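Residue-level structure breakdown
Residues per chain are reported as follows:
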Amino acid sequence: MSEPHEIYQCQTVNCGCLYDPSRGDRRGKVAKGTRFEELPETWCCPVCGAGKRMFRPLTGPGSVKDEEGFVES
Amino acid sequence: MEPLQIAPGIYSVGVRDWTIRDFHGYSTDLGTTYNAFLIVDEQVALIDSVKAEFADELLAHIARVIDPRRIDLVVSNHTELDHAGGLARVMHRIGEEKPLYCSKMGAKNLARHFPRKWNYRAVGTGEELRLGRRTLRFLETRMIHWPDSMFTYVVEDGILFSSDGFGQHYAGPETFDDETGERILPHAKKYFANILLPYTGLIEKLLQQVEALRLDIRMICPDHGVLWRKDPGRILEAYRTWCRQEPGRRAVIVYDTMWHSTEKMAAAIHEGIAAEGVSCRPMHLRAFHRSEIVTEIFDARAVVVGSPTLNNGLFPTVADFLCYLKGLKPQNKIGAAFGSYGWSGEAVRLIEEELERMKIPRIQEGLRVPFVPEGETLEACRAFGRAIGRAVVESTAVPA
Ligand SMILES: [Fe+2]
Ligand SMILES: [Fe+2]
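Figured I'd write up the structure that's included with this text. (Residues numbered from 1 in each chain as written. Chains lettered and ligands numbered in written order. Predicted model: local features only at pLDDT ≥ 70, side-chain atom pairs only at ≥ 80, totals over all residues. Heavy atoms only, no water.)

Here's the deal with a nonpolar patch on the surface
- A contiguous nonpolar surface patch, about 420 Å² in accessible area, is contributed by Trp343, Phe371 and Val372 of chain B.
- Of note, Trp343 of chain B is situated in the loop between strand 20 (334-341) and helix 12 (347-357). (Patch = residues over 30% accessible without salt bridge, like charges linked within 9 Å, V, L, I, M, F, W, Y side chains within 5 Å. Areas by Shrake-Rupley, 256 points an atom, 1.4 Å probe, with all protein chains shown as cover. Salt bridge = Lys/Arg side-chain N within 4 Å of Asp/Glu carboxyl O. Helix = DSSP H or I, 4+ residues; strand = E, 2+ residues; numbered from the N terminus.)

In structure tokens form, the structure reads like this:
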């Protein structure tokens, strides 16, 4: 299992698909252990088809919580 | 019903479901329709299917126009089973090897519903398919409202097959908007409020995209309800307005009650809201279906939620309703909570927590009354209502 800041979530409304590097994306032909940053720019969300840009990490810099000014606990 | 020719060589071959009253939790008091369309050209195309149990009726309709085995290809605009359920039966009848056009996500999602390996042809926005005299052009509408959703446009006839978009759960003798007139719009609005509301941002972009494409849209054919033939611009304009989610000078009181105490509070709060000149409807959760309530809330500025405290928690219908409303992500609302309780009284706080999760700002602190409201506490309810009424007046335009 990866750390929350390494897991990225699709922000398309009602999608919420998670990219977990420890699992990769078998159907998208992405090997386990591939970090989100290493995904090709052509990679897209396996659920809703959105591009890489729609993804944010679960926590840490760039996360939704981070931008809303929540204090990380 | 006879299949109806909606344009030369294009037939409406779908079915009416007169008796359905609960469409996955959406109340369909007049039933609904599952529309499907047959285009007879050099190649014969079937646009969409119907719910599985109506597949034979669909095939019977097709058979009155043409032998179903003469269908050359199927277009599946949306994987949800009210439109794709009949595919198994249809493909079996017309030939399992026939090409099945759908979006990339459609191919993925259909494969997860149907074990049979069909001849999927994934198409993307702008791709075209020539049938003979006519051309089909595809437009992906991802997440409106499923990842697989798409529209199919017939270039030469200016017909947009819009899947769930612009649909209404309505079954009647009519086929077209000119036959129903304006009274179809509330059904379209209910559909929008209950199915499409979370996606208004995406729909706005889609409408802009359609505008930029400068498509000559002469008819919009959704997969539910009547077809927009007389004035497709009317429903496009309505969608543009609805996407803005601009609230009217209205409030809705949603509540349930055990021994009429929360109900008495609702009545007094209603009095207060109305006294400020705000149109308001109290809606008992076991008298109104949740999808009716959401339709009412769609037009309102204030959502006022009342619940008794049952076993230290929310009354179950209130929890159900809040869960439903949260998923629809309504915008531009303000809210307040109230409720009668016996001794612990957690419900009001729990409602407020849910409203906060929905980013619905609180007009004022929730109002709790122990056991039965009377005299002074009823007066407090009226004052509570008046404060809500003023907040609505201050934040909405004067009704036209
Ligand atoms: Fe649907
Ligand atoms: Fe549908």
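Topic: the side chain of Gln245 of chain B
Residue and element names in this part refer to chain B.
- Tracing the chain through its elements places Gln245 in the loop between helix 8 (232-244) and strand 17 (250-255).
- Polar side-chain contacts of Gln245 include one of 3.3 Å to the side chain of Thr200.
- Of note is the side chain of Gln245, whose polar atom sits 2.9 Å from the backbone nitrogen of Gln331.
- Each residue touching Gln245, except ones within four places of it in the same chain, is listed here: Leu197, Thr200, Phe298, Lys329, Pro330, Gln331 and Asn332. (Polar contact = N/O pair within 3.5 Å; in protein donor to acceptor, adjacent residues only side chain to side chain. Contact = heavy atoms within 4.5 Å.)

Observations regarding the interface of chain A and chain B
- Each side of the interface is counted separately: chain A has 13 residues, and chain B has 13 residues.
- Roughly 970 Å² is buried in total at the junction of chain A and chain B, and carbon and sulfur atoms are behind 53% of that figure.
- Among the residues of chain A in contact with chain B, Val13, Asn14 and Arg27 of chain A are the three that bury the most area, contributing 50% of the side total.
- Counting the contacts that link chain A with chain B gives 0 salt bridges.
- Across the chain A-chain B interface, the total number found is 4 residue pairs in polar contact (both at pLDDT 80 or more). (Buried area = accessible area lost by both parts, 1.4 Å probe.)

Digging into helix 6 (residues 185-196) of chain B
Residue and element names in this part refer to chain B.
- In terms of residue burial, helix 6 counts as a mostly covered element, since 9 of its 12 residues are buried.
- Buried within helix 6 are the following residues: Leu185, Ala188, Lys190, Tyr191, Phe192, Ala193, Asn194, Ile195 and Leu196.
- In this structure, the buried side of helix 6 is in contact with strand 5 (26-27), helix 7 (200-213), helix 8, helix 10 (290-298) and helix 11 (316-328). (Buried < 20%, exposed > 50% of the residue type's maximum accessible area, 1.4 Å probe, protein only.)

Points about the sheet that holds strand 16 (residues 219-221) of chain B
Residue and element names in this part refer to chain B.
- Pairing in this open sheet of 5 strands is mixed, and the strands run 12-13-14-15-16 from one edge to the other. With partners counted over all chains shown, the strands left at the sheet margins are strand 12 (128-130) and strand 16, one partner each. Across the sheet, the mean angle from the axis of one strand to that of its neighbour is 20°, orientation sign disregarded.
- Across 3 bridges, the pairing between strand 15 (residues 159-161) and strand 16 is parallel. (Pairing = 2+ DSSP bridges. Axes fitted to C-alpha atoms, helices over the stretch in contact; angles between N-to-C directions.)

A closer look at the sheet that holds strand 19 (residues 302-306) of chain B
All names here are of chain B.
- Strand order in the open sheet formed by 5 strands is 18-17-19-20-21, with parallel pairing between adjacent strands. Of all the strands in the sheet, just strand 18 (279-284) and strand 21 (367-370) have a single pairing partner and so form its edges. For this sheet the average axis-to-axis angle between neighbouring strands, irrespective of direction, equals 15°.
- Bridging between strand 20 and strand 21 involves 4 bridges; their strand directions are parallel. Bridge assignment links Gly339 to a residue of strand 21, and that residue is Arg368.
- The strands that helix 9 (residues 261-275) touches are strand 17, strand 18, strand 19, strand 20 and strand 21; relative to strand 20, the one it contacts most, it runs at about 145°.
- On the sheet, helix 12 packs against strand 19, strand 20 and strand 21 and is oriented at approximately 160° with respect to strand 20.

Some remarks on unusual backbone geometry
Residues and elements named next belong to chain B.
- A cis amide bond, omega 5°, links Ile144 with the succeeding residue His145.
- If you check the backbone angles, Ser163 has positive phi at about 55° while not being a glycine.
- Residue placement: Ser163 occurs in the loop between strand 15 and helix 5 (177-180).

Worth remembering: the numbers are spatial, not functional.
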